[in-house]
Every structure is written in C-alpha cells, then in structure tokens.
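# Residue-level structure breakdown
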Amino acid sequence: MKRSTLLPLFLAAAALTGCESAADQERKPAVAAAMLDQSLARCDLQGDSNQNYAQRLREILNDSRTSHLETLQREGVVVCLDRRLNNQRTGIFDAEAEGTYYRTDRVLTVIDSGNNLANERFGSLDAIDRGSLIIDRLSDKVNDHETADMMIAKRTGCGKSCRTTRLYNARGYDTYDLNPQLRTAPLKNGNGW
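Residues numbered from 1 in each chain as written. Predicted model: local features only at pLDDT ≥ 70, side-chain atom pairs only at ≥ 80, totals over all residues. Heavy atoms only, no water.

This part covers the overall build of the protein. Scanning the protein for helices and strands turns up six helices and seven strands. For the protein, the N- to C-terminal ordering of α and β elements is α-α-α-α-β-β-β-β-β-α-β-β-α. Put simply, the protein has 193 residues, and 45% of those count as buried. Accessible surface for the protein amounts to roughly 10,100 Å². Of this, 50% is attributable to carbon and sulfur atoms. (Helix = DSSP H or I, 4+ residues; strand = E, 2+ residues; numbered from the N terminus. Buried < 20%, exposed > 50% of the residue type's maximum accessible area, 1.4 Å probe, protein only. Areas by Shrake-Rupley, 256 points an atom, 1.4 Å probe, with all protein chains shown as cover.)

Structure, rendered in structure tokens:
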C-alpha cells in the first residue's frame, strides 16, 4: 500500500478509537465499571433510579480517556452526576458551572439533567462530550497537583469562535457566592444534598 493511502486509514482509525491504544481500550470497561460502582455507592442519586443514573454516567465514563479515568481512580476521586448544577444562580458576568470538584471529599460532579445525555446539547457538544471533557480537565489538574479546595468547571472563550472548558478555584466567583447548596458534595447520608 502506498504511503498516501495509509495516512487516511490511520487518521480514520485514530478518530474512531479516540487515539487510545488497544491496551487502553481493553482496560476501559473494567476501569469504568469500578468507577461506576464507586459512584453508586457514594453519590446521592438525587431521586433517580440506579439503572437510569448508571446508564448516563456509564456513557460519560466510556467517552473519557482511560488514562484520565485511571488518574482519578488512583487518586480516589469519585465522579457523581449532579442535578443541582441545573438550578444555579449566576452573576451578571458569570457563566454557569458545568462541574465541581471537592478536594476534601475527593468528588468530581458533572452537570446532569436526568435526561438521555445524547439528546442534551451544549453548543456543538452533547452532554456526554461535556462530561468527559470535565473529567479530562480535572485529571490533568490532579496529575499536576494544581487543585484548589473547590473548583468549578466553566465554558470560556479561547479565541475567535472558540469555546473550551477550564477549571477555576471556586472562591471569588458568583457561582460560589450565590449557590450555597453547591458548597458541599452530593454524597449519600445527607452530606451535600
């Protein structure tokens, strides 16, 4: 085969696999299942059934890179879906938080409407993409030991016609000041919900 024929085939294969190695792809189901079990054990499902909650979180975890999931798993971080993020108040110049990280509790929350995630769109990305992007961004911060006590994930501009998600220290943002219900992680046993 010619070199010019191999490049498009390689690019297509990389796009389909999310640029993950075969070994990463093989490990992902077990890593995602363990993280899902941990979430079901620790997170407040906020009135949802185990099955519905698990289906939505599984989609987000499966869309995330295996190495990022393993980083969070190694650090003992549990991922929770959080409906409270749908009902937040914002200041005049403040964007809504799409996720929160609670360092003391080792909890990362991702915005959740309780609906089928593939049908929920934020701009050009669906809720599955948004959730996995938040996981990926936090994984990078955890790896670099750059986490604050509480962090919020927000969509921000990154140039002309560009939007990305960044994690910020929550203190000093209207999101933190106007939403006291978001100051605690949504854990079972009444902690945070």
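Taken as a whole and judged by the stated rule, the model has 11 salt bridges. With its nearest N and O atoms 2.9 Å apart, the salt bridge here joins Asp82 to Arg84. Notably, a salt bridge pairs Arg83 with Asp112, separated by 3.8 Å at the nearest N-O pair. Taken together, the residues span a long stretch of sequence, with Arg83 in the loop between strand S1 (78-82) and strand S2 (97-102) and Asp112 in the loop between strand S3 (107-111) and strand S4 (121-122) at a distance of 29 residues. Residue class for Arg83 comes out partly exposed when judged on its relative accessible area of 24%. Taking the relative accessible area as the measure of exposure, Asp112 reaches 3% and is therefore buried. Members of the salt-bridge network, linked through shared partners, are Asp48, Arg56, Arg83 and Asp112. (Salt bridge = Lys/Arg side-chain N within 4 Å of Asp/Glu carboxyl O.)

A regular strand places its side chains on the two faces of the sheet in alternate fashion. Where burial is concerned, most of S2 is hidden: six out of the six residues are buried. Bridge count between S2 and S3: four bridges; the pairing is antiparallel. In the strand pairing of S3, Tyr101 is matched with Leu108. Where S2 folds back onto S3 in an antiparallel hairpin, the turn is made up of four residues, including Arg106, whose phi is positive at roughly 60°. (Pairing = 2+ DSSP bridges.)

In this section: helix H3 (residues 50-63). Taking 1.5 Å of rise per residue, 14 residues should cover 20 Å, and H3 covers 20 Å from first to last C-alpha, within 8% of that figure. Considered for burial, the residues of H3 that qualify are Tyr53, Ala54, Arg56, Leu57, Ile60 and Leu61. (Expected span 1.5 Å × (residues − 1).)

Before going further, it helps to examine the state of the cysteines. Evaluated as defined, the whole model comprises one disulfide. Residue pairing for Cys43: its cysteine sulfur links by disulfide to Cys80, the two sulfurs lying 1.9 Å apart. One quick way to see it: the torsion about the S-S bond of Cys43 and Cys80 is about -70°, and its sign makes the bridge left-handed. Taken as a pair, Cys43 in the loop between helix H2 (22-42) and H3 and Cys80 in strand S1 lie far apart in primary sequence, 37 residues in all. (Disulfide = S-S within 2.5 Å.)

Residue position: Glu20 is located in the loop between helix H1 (3-17) and H2. Note on Glu20: relative accessible area 9%, which makes it buried. In terms of polar contacts, Glu20 uses its side chain to reach the side chain of Lys28, at 3.0 Å. Polar contacts involving the side chain of Glu20 include one to the main-chain amide nitrogen of Thr66, which spans 2.5 Å. (Polar contact = N/O pair within 3.5 Å; in protein donor to acceptor, adjacent residues only side chain to side chain.)

Okay, the environment of Arg137 next. For Arg137, the location among the structural elements is in helix H5 (residues 127-143). For Arg137, a relative accessible area of 29% corresponds to the partly exposed category. Expressed as a C-alpha distance, the spacing of Arg137 and His68, which sit 69 residues apart in the sequence, is 8.7 Å.

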